[in-house]
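Now for the letters of each chain:
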Amino acid sequence: MERFDEYFFTIAKETGGIEGVLNSMFSFLQRRTDFFYEYQQLGDPGDKMGFPPGQQASIVGSIFKKFQDEHYKKHPQKSREEYQKKLQIYKEQQQKIQAQQNQEKQKQQQEQSQSKKEIKSDFNTYNGGKTEKYSWSQTGADVVVGINLKEHINKKQIKVDITPTNLVLKIKDNIYISGKFYDKVKHEDSTWSIEGDLLTLTLEKANDNIWKTVIQGDIEIDATKVENTKPLEDFDPETQGALRKIMYEQQRKQMGLPTTEEESQLETLKKAWDAEGSPFKGQPFDPSKFNLGGGQMQL
């Protein structure tokens with residue numbers, strides 16, 4: 001029988017285990033043999049096909065019993081008391097594992113809840129401020145408004161109407177914010193979104209300026225304290241090139257190196273140093289004899 005082991009291993013692997021092997025075996029018997037035929041079904045007691053009623057189940061049972069007895073010879077059957085004892089130990093272990101999993105799940109939920117609270121309290125109010133209903137921040141190009149929702153709200157329960165000059169925000173059909181912007185916005189480029197319990201409005205400014213508040217009549221900030229810097233990428237390509245050149249020259253000065261203009265002047269001096277009629281001809285080039293300060297050459 002062991003010579004068929006490899007075939008059965010293959011069947012078990014492809015059909016999902018022991019149950020798959022048994023299904024395959026009985027499927028074969030049903031499709032390709034007379035194992036499931038019974039004499040009374042054929043109506044002819046003399047027919048050689050099939051088995052007497054109940055004999056198939058008896059055959060399967062006897063084969064099962066044969067190999068079960070062989071198993072118990074190698075692995076003696078445990079007493080019912082021993083089985084119940086081990087079953088109880090197993091149940092207790094499963095209960096402990098389940099309790100630990102529940103504790104870990106509860107801990108994760110608490111951490112997620114705490115993380116949401118931290119996100120709410122840590123809304124960035126850079127160059128902006130806070131009112132009773134919202135927090136806000138700004139750059140030269142946009143204004144970001146953050147609203148902490150006190151309960152879970154889905155998008156269908158929120159209505160946002162943004163025009164170039166006005167904002168109307170409704171939550172559950174109740175007006176939460178309604179008023180005129182501090183300055184005009186590009187309403188078609190302005191958006192809103194929800195993440196957790198935080199509603200965020202991103203308003204694109206129509207003019208590159210500083211806002212003192214989002215909605216006229218709300219608390220205003222001190223505009224003189226606003227950091228009015230602009231990212232290099234926001235400038236046009238020509239201005240970006242000029243600014244990068246200035247930054248490069250400043251870096252070279254900080255490193256004690258000559259600027260691009262000073263390097264060009266030195267190259268000119270080197271050529272003139274050994275030119276005919278030069279008083280320095282034949283001498284090693286010495287740039288210290290020249291004062292290049294202010295972009296002018298002086299002896």
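Refer to the structure presented above.
Residues numbered from 1 in each chain as written. Predicted model: local features only at pLDDT ≥ 70, side-chain atom pairs only at ≥ 80, totals over all residues. Heavy atoms only, no water.

**Some thoughts on the overall build of the protein chain**
When you go through the protein chain residue by residue, the secondary structure sums to seven helices and eight strands. Going through the 299 residues of the protein chain one by one, you find that 21% of them count as buried. The long-range fraction of contacts in the protein chain, counting pairs at least 24 apart against all pairs at least 6 apart in sequence, stands at 38%. By element, 51% of the accessible surface of the protein chain is carried by carbon and sulfur atoms, the whole surface being about 22,800 Å². (Helix = DSSP H or I, 4+ residues; strand = E, 2+ residues; numbered from the N terminus. Buried < 20%, exposed > 50% of the residue type's maximum accessible area, 1.4 Å probe, protein only. Contact = heavy atoms within 4.5 Å. Areas by Shrake-Rupley, 256 points an atom, 1.4 Å probe, with all protein chains shown as cover.)

**Let's talk about the nonpolar core**
Of all hydrophobic cores here, the largest spans 23 residues; its most connected members are Tyr134, Trp136, Val145, Ile147, Phe181, Leu203 and Val214. Sorting the residues of this core by element identifies β3 (142-148), β4 (158-162), β5 (166-171) and β8 (198-204) as the ones contributing at least two each. Beyond its immediate sequence surroundings of up to four residues, Ile147 is in contact with Lys133, Tyr134, Leu169, Tyr176, Ile177, Asp197, Leu198 and Leu199. (Core = buried A, V, L, I, M, F, W, Y, C linked by side-chain atoms within 4.5 Å.)

**A few points about the pairing of strand β7 (residues 191-195)**
Walk down a regular strand and you will see the side chains alternate between the two sheet faces. Alignment of β7 against β8, held across five bridges, turns out to be antiparallel. Paired with Glu195 across the bridge in β8 is Leu198. Hairpin connection, β7 to β8: the antiparallel pair is bridged by two residues, and Gly196 has positive phi, about 70°. (Pairing = 2+ DSSP bridges.)

**Looking at the pattern of salt bridges**
Enumeration according to the criterion identifies two salt bridges in this entry. Among the ionic pairs, Lys65 bridges to Asp69, the shortest N-O distance being 3.0 Å. Remark: Asp69 and Lys65 occur in helix α4 (residues 55-74); sequence separation between them is four residues, near one turn of the helix. Residue Asp69 is classed as partly exposed on the basis of its relative accessible area, which comes to 31%. The shortest N-O distance in the salt bridge between Asp173 and Lys159 comes to 3.9 Å. Highlighted residues: Asp173 in the loop between β5 and β6 (174-180) and Lys159 in strand β4, separated in sequence by 14 residues. Note on Asp173: relative accessible area 58%, which makes it exposed. We classify Lys159 as exposed; its relative accessible area is 51%. (Salt bridge = Lys/Arg side-chain N within 4 Å of Asp/Glu carboxyl O.)

**Re the sheet that holds β7**
Reading across the sheet, the five strands line up as β1-β2-β3-β8-β7 and stay open at both edges, with antiparallel pairing between neighbours. At either margin of the open sheet sits one strand with a lone partner, and together these are β1 (129-130) and β7.

**Side note on a nonpolar patch on the surface**
Side chains of Phe4, Tyr7, Phe8, Met25 and Phe28 sit close together on the surface and give an oily, nonpolar patch of about 480 Å² of accessible area. When residues of the nonpolar patch are traced back to their parent elements, those giving at least two are α1 (5-15) and α2 (18-32). Structurally, Tyr7 can be placed in helix α1. (Patch = residues over 30% accessible without salt bridge, like charges linked within 9 Å, V, L, I, M, F, W, Y side chains within 5 Å.)

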